[in-house]
Amino acid sequence: MKASFRRELPVLAAIFFFWFSMYTYPSFFSAYVSDRLMAPEVMTGLIVGAYGFAQMILPIPLGIASDWTRRRKPFVALGFIASLLACAGLIAAEALAARGHVGTLTHAVALLARGLSGVTAATWVSFSVLYSASYEADEIAPAVSRLMVPQYGSQIVAMLLGAQLAQRVGETAAFALAGAAALLGLLLMRRVPERPPEGERLTLRSFAAVLSDRGLKVGTLLGTLFRLVCWGTVLGFVPNWARDVAGFSVSQLGYLSVMYLLPNTVMARLSGAYLAPRFGFRKVLAAGFAIVAAACFLYPRATAFWGLLAVQGLFGVGMGLILPLTLSAAIRNIPDHRRGAAMGVYQAVYGVGMFIGPVAAGWIISALPTAAEGMAANFYANGALSLLGAGLTLLLLRRGD
């Protein structure tokens, strides 16, 4: 049975602050790490990728623990606390940089802080299951589409405000804003109800049954492939391309992020609720990968302000088609009391893509004679991976999907 609007509103508001606390600074973060903290390309990739590294190792144990205890809210609270600590760490790194300490210590602090932000994201396992607990299998795709409105809408607002604060006041202000959002979300969670899942506690046998689910395998594979592309481009080195080649300022990097998040938010709302039921799950997901591939191939030609914004918008359209459907494919056949474990597997595996994406991008960029040539090669490589995703979608998903 569908949850009432009154039940949904507190959890959707908490979701808004959850993602807001992590997205006031990604629009300028890679450029900030390389310029302000003076980290080389590979170290920049490691710091950016630390967010994904935490999601490789934590979601499965967090998901299993959530299913075993039949509680979701304590793990969500842990995520908000980790976000507060991450913001404090980034403020500390900026203080060290302001005093001229831009070596190993500052990089280590930034690495730890970004990793803590990844801990927050890893608790999304519990948050998404808390939200989806009221929905049956045939309601998951539309519910996920609704869920992604506050998720990505918050990121638009956070990136705009964060970039403007960083430009006009300083990066510390953006980090502090993120910390305030985490605190508000933590307080709001007190109003979010929790319904313990029915069914037996998770065992090794039931966990093995979760792992054997074909939908989980396919959704996870495709979701991981997309995260690898996403974190090698829009959430990795696109800001560097915009700054170094297209001449963007710090505040303009915020507009760049909005240009992929806005169409992403709109298309994510339409993808599972309207487009997939009408045109077919398989076709819409494959189209999403094809659109992302087109954007990746166009990035090296986007060297002016409006051209790069247009390519970002194209990427966002594809992203909005992909994300709800890979998640829906992964959990739609999993019973409610096993979704924590399933989400843990899904998120842990796609965390590999989030970690490897920026690290591989940094390696490609550093291997070529100039940074511009390296970034162009990185875009082409991710375009090829996106085409692979489209092909795998058509190959692995059944025609009836």
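Residues numbered from 1 in each chain as written. Predicted model: local features only at pLDDT ≥ 70, side-chain atom pairs only at ≥ 80, totals over all residues. Heavy atoms only, no water.

1. Here we look at empty space enclosed by the protein
To find the voids left in a structure, one rolls a probe of water-molecule size over its atoms. Under the definition given, this model contains four cavities of 30 Å³ or more. In this structure, the largest cavity encloses a volume near 270 Å³. In this structure, the largest cavity is lined by 25 residues; those nearest its centre are W19, Q151, Y152, R227 and Y350. Contributions of two or more residues to the lining of the largest cavity are made by α3 (41–57), α8 (140–168), α11 (214–232), α13 (250–279), α15 (305–331) and α16 (339–367). It is α16 that contributes the most residues to the lining of the largest cavity, five residues altogether. By residue class, the composition of the lining of the largest cavity is 20 nonpolar, four polar and one charged. (1 Å grid on protein atoms, 1.4 Å probe; cavity = no way out; pocket = protein on both sides within 12 Å on 5 of 7 lines; lining within 4 Å. Points joined across faces, edges and corners; volume = space filled by probe spheres on them. Helix = DSSP H or I, 4+ residues; strand = E, 2+ residues; numbered from the N terminus. Nonpolar A, V, L, I, M, F, W, Y, C, P; charged D, E, K, R; others polar.)

2. Quick word on α11
For α11, with 19 residues, the first-to-last C-alpha span of 27 Å sits near the 27 Å given by 1.5 Å per residue. Among the 19 residues in α11, 15 count as buried, and that is most of the element. Where α11 begins, the capping side chain belongs to D213, and its oxygen is found 3.1 Å from the backbone nitrogen of G215. (Expected span 1.5 Å × (residues − 1). Buried < 20%, exposed > 50% of the residue type's maximum accessible area, 1.4 Å probe, protein only. Polar contact = N/O pair within 3.5 Å; in protein donor to acceptor, adjacent residues only side chain to side chain.)

3. Some remarks on helix α17 (residues 371–396)
With 26 residues, α17 should reach 38 Å at 1.5 Å per residue; the first-to-last C-alpha distance of 37 Å fits that figure. Inspection of α17 places G374, M375, A376, N378, F379, N382, G383, S386, G389, A390, L392 and T393 among the buried residues, and these make up the whole buried set.

4. Some thoughts on the nonpolar core
Counting 113 residues, the largest nonpolar core has Y23, W124, F127, F226, L308 and F315 as the members making the most contacts within it. Here this core takes 13 residues from α15, the largest share from any one element. Residues within four places of F127 in sequence aside, it is in contact with V11, A14, I15, F18, V76, F80 and M189. (Core = buried A, V, L, I, M, F, W, Y, C linked by side-chain atoms within 4.5 Å. Contact = heavy atoms within 4.5 Å.)

5. Describing a nonpolar patch on the surface
Judged by side-chain polarity, L262, V266, L270 and Y274 come together as a nonpolar surface patch covering roughly 350 Å² of accessible area. Along the polypeptide, L262 turns up in helix α13. We classify L262 as partly exposed; its relative accessible area is 46%. (Patch = residues over 30% accessible without salt bridge, like charges linked within 9 Å, V, L, I, M, F, W, Y side chains within 5 Å. Areas by Shrake-Rupley, 256 points an atom, 1.4 Å probe, with all protein chains shown as cover. Salt bridge = Lys/Arg side-chain N within 4 Å of Asp/Glu carboxyl O.)

6. Considering the side chain of S83
As for its position among the elements, S83 is in helix α5 (residues 73–98). Assessed through its relative accessible area of 1%, S83 is described here as buried. Residues contacting S83, with those up to four places away along its chain left out, are S21, M22, T120 and A182.

7. Digging into the packing of α13 against helix α14 (residues 281–298)
Their axes nearest at 6 Å, the elements α13 and α14 cross at an angle of 115°. Taking contact as the criterion, the partners of S271, L275, A276 and F279 in α13 are, on α14, F281, K283 and V284. Its residues assigned to classes, the contact of α13 with α14 shows five nonpolar, one polar and one charged. (Axes fitted to C-alpha atoms, helices over the stretch in contact; angles between N-to-C directions.)

8. Quick notes on the packing of aromatic side chains
All chains considered together, the criterion is met by 26 aromatic pairs. Seen from their ring centres, W19 and W124 are 5.2 Å apart, and the 75° between their planes marks the pair as edge-to-face. Remark: W124 occurs in helix α7 (residues 124–132) and W19 occurs in helix α1 (residues 5–20); sequence separation between them is 105 residues. The exposure class assigned to W19 is buried, which follows from its relative accessible area of 5%. W124 gets classed as buried once you look at its relative accessible area, which sits at 4%. When the ring of Y346 is compared with that of Y350, the centres are 5.1 Å apart and the planes differ by 85°; the resulting orientation is edge-to-face. (Phe/Tyr/Trp six-rings, centres within 6.5 Å; stacked < 30°, edge-to-face > 60°.)

9. Details of the layout of surface pockets
For the largest pocket, the calculated volume is near 150 Å³. The wall of the largest pocket is formed by S34, D35, A39, E41, T44, F237, N240, R243, D244, I365, A371 and M375. At the level of elements, α2 (26–35), α3, α12 (238–244) and α17 are the ones that each hand at least two residues to the lining of the largest pocket. Counting residues per element, the lining of the largest pocket draws most heavily on α12, at three residues.

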